[in-house]
Amino acid sequence: MIARTEFAEIMSQVASWPVEDRVVLARKILESVGETPRRRPGGHTADEVIRLLNISEPTPNDQECRQILEEELLRKYCK
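This section reports on the structure supplied with the text. Treat the numbers as computed from the prediction; the structure is a model and nothing was measured.

## Digging into the overall build of the protein chain
Phase 1 of the analysis: When its secondary structure is counted, the protein chain shows 4 helices and 0 strands.
Phase 2 of the analysis: When the helices and strands of the protein chain are placed in sequence order, the string is α-α-α-α.

Put into structure tokens, the structure is as follows:
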């Protein structure tokens, strides 16, 4: 992260620029943000999550979900 003093120095320099140049700089900064994928450390992007969740099998219905839950509970508590 940029230090407050460095940020203030940059802002004071840019403040003296003509408006058109400041607008161009602002656009360039916004464009660079759009090009950089934002990611939390250890996390996945939305596209990665969608790809991970893209399964070829149909989702189970309510009865199948109850059956899966029952089997898992039996496996967990009746070893």
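## Describing helix α4 (residues 62-77)
Phase 1 of the analysis: Over its 16 residues, α4 extends 22 Å from the first C-alpha to the last, a length consistent with the 22 Å expected when each residue adds 1.5 Å.
Phase 2 of the analysis: If you check the start of α4, you find a side-chain oxygen 3.1 Å away from the backbone N of Q63, and it comes from N61.

## Things to note about a nonpolar patch on the surface
Phase 1 of the analysis: Together, I2, F7, I10 and M11 give the surface a local cluster of nonpolar side chains, amounting to about 360 Å² of exposed area.
Phase 2 of the analysis: One can find I10 in helix α1 (residues 4-15).
Phase 3 of the analysis: The class for I10 is partly exposed, based on a relative accessible area of 35%.

## Topic: the pattern of salt bridges
Phase 1 of the analysis: Across all of its chains, the model carries 1 salt bridge by this definition.
Phase 2 of the analysis: The salt bridge partner of R75 is E72, with a shortest N-O separation of 2.7 Å. With R75 and E72 both in helix α4 and 3 residues apart, the pair spans about one turn of that helix.
Phase 3 of the analysis: By relative accessible area, E72 is classed as partly exposed at 38%.

## Details of the environment of V14
Phase 1 of the analysis: Note that V14 resides in helix α1.
Phase 2 of the analysis: Since its relative accessible area comes to 12%, V14 is described here as buried.
Phase 3 of the analysis: Distance in space between the C-alpha atoms of V14 and L25 is 9.1 Å, their sequence separation being 11 residues.
Phase 4 of the analysis: Leaving out residues up to four positions away in the same chain, V14 has contacts with R22 and L25.

Scoring rules and cut-offs
- Residues numbered from 1 in each chain as written.
- Predicted model: local features only at pLDDT ≥ 70, side-chain atom pairs only at ≥ 80, totals over all residues.
- Heavy atoms only, no water.
- Helix = DSSP H or I, 4+ residues; strand = E, 2+ residues; numbered from the N terminus.
- Expected span 1.5 Å × (residues − 1).
- Polar contact = N/O pair within 3.5 Å; in protein donor to acceptor, adjacent residues only side chain to side chain.
- Patch = residues over 30% accessible without salt bridge, like charges linked within 9 Å, V, L, I, M, F, W, Y side chains within 5 Å.
- Areas by Shrake-Rupley, 256 points an atom, 1.4 Å probe, with all protein chains shown as cover.
- Salt bridge = Lys/Arg side-chain N within 4 Å of Asp/Glu carboxyl O.
- Buried < 20%, exposed > 50% of the residue type's maximum accessible area, 1.4 Å probe, protein only.
- Contact = heavy atoms within 4.5 Å.

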